[in-house]
Amino acid sequence: MAISFAVACTSGGSGGPGSKPAAPVVPKVPDSGVRFTPPKIDSVTAAPGGWMESACALPRGYVQLIRRGYYPVRSADVTVVPREPNWFGGFLSMSHSGPWNYLQHVPLVFYGPGFIRRAGDVTVDREVTLADIAPTIADLIGAEPPPGIAGRTLDEVLLPKDERAGKPAVVVTVAWDGGGWNVLNAWPDAWPQLKRMAREGASVRNAVVGSSPSVTPSVHTNIGTGTFPRHHGIIGIEQRIGDNPETGAFAHRSPANLLIPTLADVYDQATGNAALIGMFAYKSWHLGMIGHGAYLEGGDKDIGVILNQTETFSGNPQYYDVPGYLESVPGLGRAIRKVDLDDGE
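Rules and cut-offs
- Residues numbered from 1 in each chain as written.
- Predicted model: local features only at pLDDT ≥ 70, side-chain atom pairs only at ≥ 80, totals over all residues.
- Heavy atoms only, no water.
- pLDDT = per-residue confidence, 0-100.
- Contact = heavy atoms within 4.5 Å.
- Buried < 20%, exposed > 50% of the residue type's maximum accessible area, 1.4 Å probe, protein only.
- Helix = DSSP H or I, 4+ residues; strand = E, 2+ residues; numbered from the N terminus.
- Pairing = 2+ DSSP bridges.
- Salt bridge = Lys/Arg side-chain N within 4 Å of Asp/Glu carboxyl O.
- Phe/Tyr/Trp six-rings, centres within 6.5 Å; stacked < 30°, edge-to-face > 60°.
- Lys NZ or Arg CZ within 6 Å of the ring centre and 35° of its normal.

Participant: What's the story with the confidence of the model for the chain in this structure? I'm lost.
Facilitator: Close inspection of predicted coordinates is inappropriate in any region flagged by low pLDDT. Looking at the chain as a whole, its pLDDT mean stands at 86, while 87% of the residues score no less than 70. In this model residues 1-19 is a low-confidence stretch, pLDDT under 50, and it forms 23 contacts with partners more than four residues away in sequence or in other chains.

Participant: I'm lost on the pairing of strand 9 (residues 302-307) in this one. Help?
Facilitator: If a strand is regular, its side chains alternate between the two faces of the sheet. In terms of burial, strand 9 is a largely internal element, five of the six residues being buried. Pairing analysis gives four bridges linking strand 8 (residues 278-281) to strand 9, with the strands arranged parallel. Its bridge partner being in strand 9, Ala 281 is matched across the sheet by Ile 306. The pairing of strand 9 with strand 11 (residues 320-321) spans two bridges and is parallel. Bridge assignment links Asp 302 to a residue of strand 11, and that residue is Tyr 320. Note that strand 9 and strand 10 (residues 313-314) share two bridges and pair antiparallel. Bridging across to strand 10, Ile 306 finds its partner in Ser 314. The antiparallel hairpin formed by strand 9 and strand 10 contains five residues in its connecting segment, where Glu 311 sits at a positive phi of about 60 degrees.

Participant: Could you clarify how one ought to interpret the pattern of salt bridges in this entry?
Facilitator: It is possible for side chains bearing opposite charge to pair when their charged atoms get close. Inspection of the entire model under this criterion finds six salt bridges. For Glu 127, the salt bridge is made with Arg 68, and the minimal N-O distance between the two is 2.8 Å. Within this pair, whereas Glu 127 is found in the loop between strand 2 (120-122) and strand 3 (128-129), its partner Arg 68 is found in helix 2 (residues 60-68), the two being separated by 59 residues in sequence. As a salt-bridge pair, Glu 200 and Arg 196 come within 3.2 Å of each other at their nearest N and O atoms. Taken together, the positions of Glu 200 and Arg 196, both in helix 6 (residues 192-200) and four residues apart, correspond to about one turn of that helix. In this structure Glu 200 comes out as partly exposed when scored by relative accessible area, which is 24%. Using a relative accessible area of 29% as the deciding quantity, one classes Arg 196 as partly exposed. Bridged by salt links that share partners, the residues Asp 139, Lys 161 and Arg 164 form one connected network.

Participant: Before we go on, may I ask you to explain the packing of aromatic side chains in this structure?
Facilitator: The geometry of an aromatic ring pair is captured by the separation of the ring centres together with the interplanar angle, meaning the angle of the planes. With the rule as written, the count across this model stands at four aromatic pairs. Taking 5.8 Å as the distance between ring centres and 70 degrees as the angle between the ring planes, the aromatic pair formed by Trp 181 and Trp 191 counts as edge-to-face. With Trp 181 in helix 5 (residues 181-186) and Trp 191 in the loop between helix 5 and helix 6, this residue pair connects regions lying ten residues apart in the sequence. Neither residue differs from the other here; Trp 181 and Trp 191 are each classed as buried. Stacked on the ring of Trp 191, the Lys or Arg Lys 195 has its end atom at 4.9 Å from the ring centre. In this structure, Arg 205 is placed above the aromatic ring of Trp 181, and the distance from its NZ or CZ to the ring centre is 4.1 Å.

Participant: Can you help me understand helix 4 (residues 133-141) in this one?
Facilitator: Counting along an α-helix, one turn takes 3.6 residues, and residues three or four places apart therefore face a common direction. By the criterion of burial, helix 4 is predominantly enclosed, with nine of the nine residues buried. Buried within helix 4 are the following residues: Ile 133, Ala 134, Pro 135, Thr 136, Ile 137, Ala 138, Asp 139, Leu 140 and Ile 141. Summarising the contacts, the buried residues of helix 4 are in contact with strand 1 (109-110), strand 3, helix 7 (216-225) and helix 9 (263-270). Following helix 4 by one or two positions, Gly 142 has its phi on the positive side, about 70 degrees.

Dropping the structure here:
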């Protein structure tokens, strides 16, 4: 946490020569009660003799995650996997991408009285990935999931259909980008609302991302489609498209690189575009959670709102709608300021 210092510029005493300058005024930052718990980091083990031995020494589970994240032609010819706990990054930015357990193990919480079991912590007797979210939501809203997906319905978190309160009026998916269990366990007091929802709903404790690289565009498209990059084609923040080796996953805020329909695409067209589909996001990287909008034949302009670095709303009006009522949202400025100050800066 950074603390800003306000320095009094008035002099002490009479203000004449030799007077002592006023002491700096240090504002008191209220104690949030949040505590940091340093995670345990294992020692780096010795590397095998060469690149072939290193590759063959990767655990089979890691290789499976990497294969799911690979799409021919679009992915790199050589995939580099740093030896844990080494990682790619810099002093100003760090990556949350990789096959290692500390990055793959993520919270997956379902909450909804009348629809979701009040089960608390749930451990499912199979691999659970973020690709399971789409078919689970499809079951909840009475929709067909996208065809040929890898994800499976999490019946363990849903109330039986005859015990549900009909169909939910709205389903909201919230993604905490980079907020895996490694982060939550390091800051155990910083997420009381999620703890409450996990306690009163269902928290799948053995959920993993499911593919690597575990970067934002790829993973959020896993959530939206119910499958992995080897099928949906969004393999990273940048990828090879044709002769261009550095094409953004959703360049120009377009879904053109997304190869298959999302759950939102399928459900919207099944309802004759009567379903209201929307997304509020920080970057175009998240468009894989919503889908193609009007890019697909028969699709309509779903709401796709991006809050950019200048704290203004934008989008791609060719395929998505940015509602005019967002031009003036009462209290938005105060809310942004409050959130901005939560870290003490």
